[in-house]
Amino acid sequence: MELQRRIKEATDTPRENQKDFRLEHLKQLPWPDAAYIREARRRVLDKEGFIIDMDGVIYRGDHLLPGVNEFVAWLTDHGKRFVFLTNSSDKTPDELHRKLSRLGVVSHGSNFYTSAMATAAFLTSQKPQGSAYVIGDPGLHQALYACGYVMNDVNPDYVVVGETRNYSYEKIEHAVHLVLNGAKLIGTNCDKTDPSPAYPGEVIPAAGSLITPIEKASGVNAYFVGKPNPLMMRSALSVLGTKRVETVIIGDRMDTDILGGLEAGIDSVLVLSGVTSLQDTRQWSFLPRFVLRGIFDLVDSSGS
Ligand SMILES: [Mg+2]
């Protein structure tokens, strides 16, 4: 395949540091070249719906990545539909909106779609107006309330676990008791870690890690709704109101964004501004539809 061959050629040439994500370094990569970037940009911008991952795509930590403001302005000016998609379930859309505002990005609360919202939509499709025991933060509670769910710590339909700092032995113990008595176990996402906000380069436990003790003790495997489950991508599609062929997902992770897009039948763009280098893509048995250096490639008309 053409993309596979081009990645191989580019990465067969040893480079000093293939995992260097600095902009100057990305701009010096031997590939993607200017002609490829122009063609990929044309095809991507032709889409009607955009599902955009956040960390590693629009920001890294507290730093906005280049080209993001211009790209969001272009989407708005051209009447495109877009959502910022995140596997984190702790923050509400309003909190995410405020974070982007602080970074200088003009967005709207309705532009955000979280794994908490996807989980609430999934639970509603399984059991409308059900009940849940939740180990999670406001983003998860709010999403479930918005779908007509009630909180119940006696005999809930579901035990739902998301990212949270309010985590204790008592809550794990109680969750195990409820699961052993028939509550179904749901994780908002299976990510084991998230980037640490306090210690650059380090990680903090995410929902996939927090739910593990409950799985181990109860002997029940959880069902995870977030990326790479194509359910979340399809759920985001229905929010956008676009068809699969008209939509593209832009992300920085092969194991969530690109795999999720592939399995949902949505074209994907891997950007190299996050956790995946061009070299890393060779260890995977599938490819993204397009590879770009960062969001800036979608707005930089020089193609350099
Ligand atoms: Mg990411």
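Position numbers for residues start from 1 in each chain and track the written sequence from start to end. Since the coordinates come from a predicted model, pLDDT governs what is reported: local features require at least 70, and pairs of side-chain atoms require 80 or more to be given and counted, while whole-chain, interface and lining totals use all residues.

### Let's talk about the overall build of the protein
Tallying secondary structure elements over the protein gives twelve helices and 15 strands in all. Computed over its C-alpha atoms, the radius of gyration of the protein comes to 20 Å, within 12% of the 19 Å expected for a compact globule of 304 residues. Seen through its C-alpha atoms, the protein measures out along the principal axes to roughly 60 × 40 × 35 Å. Every C-beta atom is placed from the backbone, and the number of other C-beta atoms within 10 Å of a residue's own sets its class: buried at 20 or more, exposed at 12 or fewer, partly exposed in between. Here the protein holds 304 residues, and 45% of them are scored as buried. Counted over contacts in the protein with a minimum sequence separation of 6, partners at least 24 positions apart contribute 69%. The helix and strand labels rest on DSSP assignments: H or I over at least four residues marks a helix, E over at least two residues marks a strand, and numbering proceeds from the N terminus. For the radius of gyration, the atom set is restricted to C-alpha positions; the globular benchmark scales as 2.2 Å times the number of residues to the power 0.38. Any two residues are considered in contact once their C-beta atoms, placed from the backbone, lie within 7 Å.

### Considering the UniProt feature "active site" (unreviewed entry) in the protein
Cross-referencing UniProt, the feature "active site" (unreviewed entry) maps to Asp53 and Asp55 in the present numbering. Structurally, Asp53 is set in strand 1 (residues 49-53). Leaving out residues up to four positions away in the same chain, Asp53 has contacts with Leu85, Ile250, Gly251, Asp252 and Asp257. Secondary-structure assignment places Asp55 in the loop between strand 1 and strand 2 (59-60). On the basis of neighbour counts, which here come to 18 C-beta atoms within 10 Å, the residue Asp55 falls in the partly exposed class. Non-local contacts of Asp55, meaning those with residues more than four positions away in its chain, are made with Pro195 and Gly274. UniProt positions are given in the numbering used here, feature names are shortened, and annotations may be inferred rather than shown by experiment.

### With respect to unusual backbone geometry
Omega for the peptide link from Trp31 to Pro32 comes to 5°, which places this bond in the cis form. Considering the arrangement of structural elements, one finds Pro32 in the loop between helix 2 (23-27) and helix 3 (34-45). Lys227 connects to Pro228 through a cis peptide bond whose omega is 10°. On the secondary structure map, Pro228 appears in the loop between strand 12 (223-224) and helix 11 (230-240). Phi is positive for Gln129, which is not a glycine, with a value near 55°. Residue position: Gln129 is located in the loop between helix 6 (115-126) and strand 6 (131-135).

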